[in-house]
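# Working through the structure, step by step
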Amino acid sequence: GRDGLLYLLDLGLALHTAGRYDESIKSFRLAEQDAEIKDYTSLSTEASTLLVSDTVKQYKGEDFENVLISVYLAMDYALEGKREDAIVEARRVNQKLYLMKTEGKRNYKQNAFARYLSAILYEADRNWNDAYVDYKLAADLLPGLPGIGKDLYSMAIRVGTAGDRAEFEKKYRLTAEDEADARRRVSANRPGEIVVIFQNGISPKKVPEPNFPSVPKFVARPNPVTGGEAVVTEAEGGK
C-alpha cells in the first residue's frame, strides 16, 4: 500500500536491533527498491507535486531516509563480517549525498560517520592507504570526532611521514600516552580492539510549513539522552 516503504524501513530497523542482520539486509534492500533512489530531481520539479495530498500519494521516502538505508546496510554487513559489502554501502552513502547535491540541488555534505565506518573496515582488512584517506576525510567533515587524532597518528606510522605524525601530534595535542597507544595499535602483537556504535537520537517531526501548509517541514525534537557507557567484563574462563 501507500505506506509500504515505511513498513520496510521500520521492519529493517527492528530486525537490525534484534541482531537478525541477514533479514534486516533483505528488508532494507526491498526498501531501497521501493524508494527508487535513482531520480534525484530538483526541488523545482518536486514543487509541481505539492498539490497532491500526502494522504493520497505513495510515500517515497525523505532524503535522509534514503541515505540511512545505506548506513544501516553498511552496519548490517559489517556485523555479519562481510567487510567488502559494508565498504561498498558506506561509499554509497556519500555517492547518494553527492547526487542529491549535484542533481537534486540539495545543500548536503558528505557523511562523517560513513567515512569513519569505511576507514575502520579498511583498517580491519589491512588496507592501510584507503583507511588513511578515509580517516582524513572523516576528520575534515567532523574535526572534533573523538579519537580521530590517534587514528590518524597510527595510520601515519604505517603509511605516512614523520611530518604527518608531527602535524597530528600538534593539531590534536596528543600526549605521550596517546602516541604509545597508537604505536601499540600498529605493532605485530597488537591488542584486540572493540568498536562500539552508539545509536542515539529521536527522529524529527514532520509538520506543515506555517506560511504554506502544502509544504512540509521538519522540526527537531529534544533528546534527553546525552551519552552512554560501554562496560567490558571478563567472561567465564578469562576470555
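Further up the page is the structure itself.
All residue numbers here refer to positions counted from 1 along the written sequence of the relevant chain. Only residues with pLDDT of at least 70 get local features here, since the model is predicted, and only at 80 or more are side-chain atom pairs given and counted; chain-wide, interface and lining totals rely on the full set of residues. Excluding hydrogens and water, the side-chain values take into account all heavy atoms of the structure.

### Observations regarding the pattern of salt bridges
Put simply, the rule reads: Definition used for salt bridges: Asp or Glu carboxyl oxygen within 4 Å of a side-chain nitrogen of Lys or Arg. Helix and strand definitions here come from DSSP, where helices need a minimum of 4 consecutive H or I residues and strands a minimum of 2 consecutive E residues; each element is numbered from the N-terminal end. Here the term buried applies to any residue with accessible area under 20% of the maximum for its type, exposed to any over 50%, and partly exposed to those in between, with areas from a 1.4 Å probe on protein chains only.
Tallied over the full model, the rule gives 16 salt bridges. Of the charged contacts, one joins Asp-22 and Lys-26 as a salt bridge, the two residues approaching to 3.6 Å between their closest N and O atoms. One end of the pair, Asp-22, and the other, Lys-26, are both in helix H2 (residues 21-35), four residues apart, so they sit about a helical turn from each other. With a relative accessible area of 35%, Asp-22 lands in the partly exposed category.

### Details of the side chain of Arg-185
Basically, it comes down to this: Counted as a polar contact is a pair of N or O atoms within 3.5 Å, where, for protein atoms, one must be capable of donating a hydrogen and the other of accepting one, and residues adjacent in sequence contribute only when both atoms are in side chains. Two residues qualify as a contact provided that any one of their heavy atoms is within 4.5 Å of a heavy atom in the partner residue.
Tracing the chain through its elements places Arg-185 in helix H10 (residues 176-185). Overall, the relative accessible area of 11% leaves Arg-185 in the buried class. Engagement of the side chain of Arg-185 in a polar contact is seen with the side chain of Glu-123, the distance being 2.7 Å. Each residue touching Arg-185, except ones within four places of it in the same chain, is listed here: Glu-123, Tyr-135, Lys-150, Asp-151, Ser-154, Arg-158, Arg-190 and Glu-193.

### A look at the pairing of strand S2 (residues 212-219)
Threshold: Pairing between strands requires that DSSP locate at least two bridges from one strand to the other.
Strand direction decides the pairing type here: strand S1 (residues 205-209) and S2, joined by five bridges, are antiparallel. The residue of S2 that forms the bridge with Lys-206 is Phe-218. Following S1, the chain reverses through two residues before pairing antiparallel with S2.

### Notes on unusual backbone geometry
The backbone of Arg-126 sits at a positive phi, close to 65°, despite the residue not being glycine. Position of Arg-126 relative to the elements: it lies in the loop between helix H6 (112-124) and helix H7 (128-141). Positive phi, normally seen in glycine, also occurs at Arg-173, with a value near 50°. Within the secondary structure, Arg-173 sits in the loop between helix H9 (162-171) and H10.

### Quick look at the packing of helix H4 (residues 63-79) against helix H5 (residues 83-102)
Our working rule: Working convention: axes come from line fits to C-alpha atoms, limited for helices to the stretch in contact. Angles between N-to-C directions cover 0 to 180 degrees. Any angle that falls under 35 degrees is termed roughly parallel, while one over 145 is termed roughly antiparallel, one within 65 to 115 roughly perpendicular, and all others oblique. Crossing handedness: left-handed means the near helix sits turned counterclockwise from the far one by under a right angle, and right-handed means the same turn made clockwise. Any residue that is not Ala, Val, Leu, Ile, Met, Phe, Trp, Tyr, Cys, Pro, Asp, Glu, Lys or Arg is counted as polar, Gly included; the first ten are nonpolar and the last four charged.
The N-to-C vectors of H4 and H5 enclose an angle of 165°; their axes lie 7 Å apart at closest approach. One finds that H4 runs roughly antiparallel with respect to H5. Handedness of the H4/H5 crossing: left-handed. Contacts from Asp-63, Asn-66, Val-67, Ile-69, Ser-70, Val-71, Leu-73, Ala-74, Tyr-77 and Ala-78 in H4 reach Asp-85, Ala-86, Glu-89, Ala-90, Arg-92, Val-93, Lys-96, Leu-97 and Met-100 in H5. Residues that form the contact of H4 with H5 fall into these classes: 12 nonpolar, two polar and five charged.

### A look at the packing of helix H8 (residues 148-159) against H10
For the pair H8 and H10, the least separation of the axes is 9 Å and the interaxial angle reads 50°. One element, H8, and the other, H10, form an angle in the oblique class. Between H8 and H10 the crossing geometry is right-handed. For the pair formed by H8 and H10, the contact residues are Lys-150, Asp-151, Tyr-153, Ser-154, Ile-157 and Arg-158 on the first element and Asp-178, Glu-179, Asp-181, Ala-182, Arg-183 and Arg-185 on the second.

### With respect to the packing of aromatic side chains
Pairs of aromatic rings are described using the distance from one ring centre to the other and the angle between the two planes. Stated formally: Between the rings of Phe, Tyr and Trp (Trp by its six-membered ring), a pair exists once the centres lie within 6.5 Å; its type follows the angle of the planes, with under 30 degrees stacked, over 60 edge-to-face, and the other angles tilted. Two conditions define a charge located above a ring, namely a distance within 6 Å from the ring centre to NZ of Lys or CZ of Arg, and an angle within 35 degrees of the ring normal.
Evaluation of the coordinates by the stated rule reveals five aromatic pairs. Considering the side-chain rings of Phe-28 and Tyr-72, the 5.7 Å spacing of their centres and the 20° angle between planes classify their relative orientation as stacked. Placement of the pair is Phe-28 in helix H2 and Tyr-72 in helix H4, with a sequence separation of 44 residues. On the basis of relative accessible area, Phe-28 is assigned to the buried category, the value being 3%. Following the ring pairs from residue to residue traces out a cluster consisting of Tyr-132, Phe-168 and Tyr-172. Geometry around Trp-128 places Arg-158 over its ring, the cationic atom sitting 3.6 Å from the centre.

### Thoughts on the nonpolar core
Note the following rule: Residues belong to a common nonpolar core when they are buried Ala, Val, Leu, Ile, Met, Phe, Trp, Tyr or Cys residues joined through side-chain atoms within 4.5 Å.
Ranked by internal contacts, the top residues of the largest apolar core, which has 44 residues, are Tyr-116, Tyr-135, Ile-148, Leu-152, Phe-168 and Tyr-172. Breaking this core down by element, the ones donating at least two residues are helix H1 (4-17), H2, H4, H5, H6, H7 and H8. The biggest single contributor to this core is H4, with eight residues. Here Tyr-135 is in contact with Tyr-116, Ala-119, Ile-120, Glu-123, Ile-148, Asp-151, Leu-152, Met-155 and Arg-185, once residues within four sequence places are set aside.

### Comments concerning H8
Worth spelling out the cut-off: One fewer than the residue count of a helix, multiplied by 1.5 Å, yields its expected span.
End to end, H8 covers 16 Å across 12 residues, agreeing with the expected 16 Å (1.5 Å per residue, within 8%). If you follow the buried residues of H8, they end up packed against H6, H7, H9 and H10.

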